[in-house]
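The residues making up each chain are set out below.
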Amino acid sequence: PRWLTTLLAWAQLLVGMFALGLLWLSLFRGFAQRAMHTLRVRPGLSFGIGAAVLLGGPLAIALVFVIGALLGGAWLGLFGMSLYAMAVALCFPLVAAAVGLTLTRRAPIGVANVWWPFLGALVVLTILLQMPVVGPLVGLACVTFGLGAIAVTLLPTLRFTHAPTVESAPLPSTPAAPARSAA
């Protein structure tokens, strides 16, 4: 029956997203908490940056791939594509955890405080994703907000430092050599 297929698809999505969220929240706890904080405190910035990354990311990756194919570095485009796909997949657990924590008004102090609100919000999110008209809109919103929060959180950690500059000291003045007499 169709309802059973829909129920199984929902359960698979829920279990997969929950496992991804558990892994992400456990392995990258500090980054996850900073991204959730960014999403909760600065949602407008997250949405704006997320829209730019959502639209500009694939274009930049395609450009890197084409230039790399011409110059011998096409693998950089493939690597960028895989990073982009992982970031998009992380958007759903990120948004679910941030929404769950916001609704329960709990600060992410430890991982144990995140699980139940995360699971509850993920259940609601995955149910909404299964709806015909609402699902794509909720999915697009999750990806946009999530990509923005990930980008806003990630950018300050990328420190583009230059090689240290060595200031040259002025050369010591050497006394002029006495002129030789031609005698």
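Refer to the structure above for everything that follows.
Residues numbered from 1 in each chain as written. Predicted model: local features only at pLDDT ≥ 70, side-chain atom pairs only at ≥ 80, totals over all residues. Heavy atoms only, no water.

Student: Hey, could you run me through the overall build of the protein in this one?
Tutor: In terms of helices and strands, the protein carries 6 helices and 0 strands. For the protein, the sequential pattern of α-helices and β-strands runs α-α-α-α-α-α. For the protein, restricting intrachain contacts to residue pairs at least 6 apart in sequence, the fraction spanning at least 24 positions comes to 74%. Accessible area of the protein: about 12,100 Å², with a carbon and sulfur share of 75%. (Helix = DSSP H or I, 4+ residues; strand = E, 2+ residues; numbered from the N terminus. Contact = heavy atoms within 4.5 Å. Areas by Shrake-Rupley, 256 points an atom, 1.4 Å probe, with all protein chains shown as cover.)

Student: I'm lost on the packing of aromatic side chains in this one. Help?
Tutor: For any pair of aromatic rings, the description consists of the separation of the ring centres together with the inter-plane angle of the planes. Taken as a whole and assessed by the stated rule, the structure comprises 3 aromatic pairs. Geometrically, the ring pair formed by Phe18 and Phe118 is stacked, given 5.5 Å between the ring centres and 20° between the ring planes. On the criterion of sequence distance, the pair formed by Phe18 in helix α1 (residues 2-27) and Phe118 in helix α5 (residues 115-129) is long-range, its members being 100 residues apart. The class for Phe18 is partly exposed, based on a relative accessible area of 22%. Ring centres of Phe47 and Phe145 lie 5.0 Å apart, and the angle between their planes is 50°; this geometry places the pair in the tilted category. Pair noted here: Phe47 is in helix α3 (residues 43-71) and Phe145 is in helix α6 (residues 134-154), with a separation of 98 residues, a long-range link. (Phe/Tyr/Trp six-rings, centres within 6.5 Å; stacked < 30°, edge-to-face > 60°. Buried < 20%, exposed > 50% of the residue type's maximum accessible area, 1.4 Å probe, protein only.)

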